[in-house]
Amino acid sequence: VALASDYYAVYPDMSGDRYPYVKKADGTGYGHDMSSDATLSMVLQSSQPSSVGASTKFNALAAGKVEEDGKTLHMKNVCGLISLNRTDSDITSVTLYGNSGEKLAGKITAAFDRQGIPVVTSAEGSNMVRIVPLKGSTFAPGTYYFCIPPTEFEKGLTLLFTNSSSQFATLVSNDSFVVKRS
């Protein structure tokens, strides 16, 4: 079946203001047939439930464009991941800030490049992202992930650890680095 125009998908596929939707430049949106000028608008949550070794499905945003054959859809990650290895078991949340106020959560807008890769064109909203345990009140020892838009941390980042006694510890890095799309 030949396509009359281009079709796109986002994951997770949930309607409403909290989850991704496809939006055309003219303002038409979710569930519509999109033309090639389509942008993908998604909301990346600033509070991200996380479990050992995985980013939950609500944190890992992906997008795809149906190929010319009308049958093939390759989903690609929109965001990048920062891993954090925890050895203690009393942490209730970890908050990540960019030292230059980088936008790390909120509305993410992306478009597809010529290779079919979703490229973030803008991010607006929160300058922090927090991971919290998916289950229970504290993190078990292991590796956890922050999901953020591709970002250049020009002046580094800060991590704020909160424990079950509401005490805080801060880790600051002033080194610049780039988080690329995963």
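Starting afresh in each chain, residues are numbered from 1 along the sequence in its written order. Local features in a predicted model are, by the rule used here, given only for residues with pLDDT of at least 70; side-chain atom pairs are given and counted only at 80 or more, and totals for whole chains, interfaces and linings are based on all residues. Each side-chain value is derived from all of the structure's non-hydrogen atoms; neither hydrogens nor water enter the calculation.

## Regarding the overall build of the chain
Secondary structure elements are taken from DSSP: a helix is a run of H or I of four residues or more, a strand is a run of E of two residues or more, and numbering for both begins at the N terminus. Counting its regular elements, the chain contains 0 helices and 17 strands. A contact between two residues is defined here by any heavy atoms of the two lying within 4.5 Å. Restricting to contacts in the chain with at least 6 residues of sequence separation, those with at least 24 account for 67%. Residue exposure ignores everything except the shown protein chains as possible cover, and the areas themselves are Shrake-Rupley values with a 1.4 Å probe. Total accessible area computed for the chain in this model is approximately 9,600 Å², and 48% of it derives from carbon and sulfur atoms.

## Here's the deal with the nonpolar core
Ile82, Val94, Leu96, Phe146, Ile148 and Leu159 are the most contacted members of the largest nonpolar core, which totals 17 residues. In terms of nonpolar packing, the next biggest core, distinct from the first, is built from 13 residues, Tyr8, Ala63, Cys79 and Cys147 among them. Take the buried Ala, Val, Leu, Ile, Met, Phe, Trp, Tyr and Cys residues and link them wherever side-chain atoms come within 4.5 Å; each set so joined is a nonpolar core. The buried label applies to any residue whose accessible area, calculated with a 1.4 Å probe on protein chains only, is under 20% of its type's maximum; exposed applies above 50%, and partly exposed to all values in between.

## Some points on the pairing of strand β11 (residues 118-126)
In this scheme, strands are said to pair when DSSP sees at least two bridges between them. Two strands pair when backbone bridges link them, and strand β10 (residues 105-112) and β11 are joined in this way by 8 bridges, in the antiparallel orientation. When the sheet's bridge partners are listed, Ala110 is paired in β11 with Val120. The hairpin formed by β10 and β11 contains 5 residues between the paired strands, and Gly116 there has a positive phi angle of roughly 80°.

## Concerning the sheet that holds strand β1 (residues 8-11)
The 3 strands are arranged β1-β6-β7 in an open sheet whose pairing can be described as antiparallel. The sheet is open, and its two edges are formed by β1 and β7 (76-77), each paired on a single side. Here β1 pairs with strand β6 (residues 62-65) via 4 bridges, running antiparallel. When the bridges of β6 are listed, Val10 appears paired with Ala63.

## As for the environment of Phe146
Looking at the element boundaries, Phe146 is found in strand β13 (residues 142-148). Of the residues examined, Phe146 reaches a relative accessible area of 1% and is grouped as buried. Through-space distance from the C-alpha of Phe146 to that of Cys79 is 9.8 Å; in sequence the pair is 67 residues apart. Setting aside residues no more than four positions away along its own chain, Phe146 makes contact with Gln48, Gly80, Leu81, Ile82, Leu84, Val94, Leu96, Val129, Ile131 and Leu159.

## Focus on the environment of Leu61
If you trace the backbone, Leu61 turns up in the loop between β5 (54-55) and β6. Classification of Leu61 by relative accessible area gives buried; the value is 1%. Between the alpha carbons of Leu61 and Pro149 there is a distance of 9.4 Å; along the sequence they are 88 residues apart.

## Re the pairing of strand β12 (residues 128-133)
In terms of residue burial, β12 counts as a mostly covered element, since 5 of its 6 residues are buried. In this sheet, β12 lies alongside strand β4 (residues 47-51) in parallel orientation, the contact comprising 4 bridges. Within the sheet, the bridge partner assigned to Gln48 lies in β12 and is Ile131. Judged from the 4 bridges that link them, strand β9 (residues 91-98) and β12 form a sheet pairing that is antiparallel.

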